[in-house]
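Tertiary structure, described
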Amino acid sequence: MYRSKSTVSDFCFIGIMAAVTAVMAQISIPMPMGVPMTMQTFAVTLAGIILGSRRGALSMLVYLLIGVVGVPVFSNFTGGLPSLVGPTGGFLVSFPIMAYLIGLGIEFKNRLLFVLLLILGTLSNYVIGVLFYAGITACVLPFIPTAVLKAILASILGIQVKQRISLALQTSQNH
């Protein structure tokens, strides 16, 4: 019979760190450009250090899942899928990776590797978050209204032109 290595205490610690992250998310300072400075990453780092790679990452996945279903656990008491697909979603999505890398660093029991993976975990948060933010805000959001308008106008004009060309071709074939 298969026995899981997870224990009740593992699940409790995973849940506690997800809850700590939700609380720390509410310590938020609004910043220009729409990305608030929060204490979430502090909690993510704690999760990796206290729980290790696997359980730390799982605690952040639990946190994200709770938020995605609509519980207002993200900064400024927000929740739902739009939080993950909006401009700051990349920062949130990076949390399991960040916790995993930091947790992996603590598991090696080598200070240099810990410091390197702590830096790498923190950088993963910024790289994923900034790339996502830049991609959404600079590449997508500004163009959505005009893309919809262009599609509507091109459809109206295209259908009219196509009908006229078809009519002109029928007329020329009849003469």
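Let me begin by describing the structure that accompanies this report. Keep in mind that this is a model prediction, so the values were computed, not measured. (Residues numbered from 1 in each chain as written. Predicted model: local features only at pLDDT ≥ 70, side-chain atom pairs only at ≥ 80, totals over all residues. Heavy atoms only, no water.)

1. Here's the deal with the side chain of Thr 21
- With respect to the element layout, Thr 21 can be found in helix α1 (residues 8-25).
- Given the relative accessible area of 0%, Thr 21 is considered buried.
- Side-chain polar atoms of Thr 21 contact the backbone oxygen of Met 17, separated by 2.7 Å.
- Not counting residues within four places of it along the chain, the set of residues in contact with Thr 21 comprises Gln 40, Ala 43, Met 60 and Tyr 63. (Helix = DSSP H or I, 4+ residues; strand = E, 2+ residues; numbered from the N terminus. Buried < 20%, exposed > 50% of the residue type's maximum accessible area, 1.4 Å probe, protein only. Polar contact = N/O pair within 3.5 Å; in protein donor to acceptor, adjacent residues only side chain to side chain. Contact = heavy atoms within 4.5 Å.)

2. Topic: helix α2 (residues 40-68)
- Helix length check: α2 (29 residues) gives 16 Å between terminal C-alpha atoms against 42 Å at 1.5 Å per residue, more than 12% under.
- Of all the bends in α2, the greatest, near 130°, is centred on Gly 52.
- Phi turns positive, to about 115°, at Gly 70, one or two residues after α2. (Expected span 1.5 Å × (residues − 1). Bend = angle between axes of the 7 residues up to and from the residue.)

3. Digging into the layout of surface pockets
- The volume enclosed by the largest pocket comes to roughly 520 Å³.
- Surrounding the largest pocket, 23 residues form its lining, Val 35, Pro 36, Thr 38, Gln 40 and Phe 91 being those nearest its centre.
- Among the secondary structure elements, those contributing two or more residues to the lining of the largest pocket are β2 (37-38), α2, α4 (89-93), α5 (95-107) and α6 (111-140).
- Partitioning the lining of the largest pocket into residue classes produces 11 nonpolar, 12 polar and no charged. (1 Å grid on protein atoms, 1.4 Å probe; cavity = no way out; pocket = protein on both sides within 12 Å on 5 of 7 lines; lining within 4 Å. Points joined across faces, edges and corners; volume = space filled by probe spheres on them. Nonpolar A, V, L, I, M, F, W, Y, C, P; charged D, E, K, R; others polar.)

That's the geometry; what it means functionally is another story.
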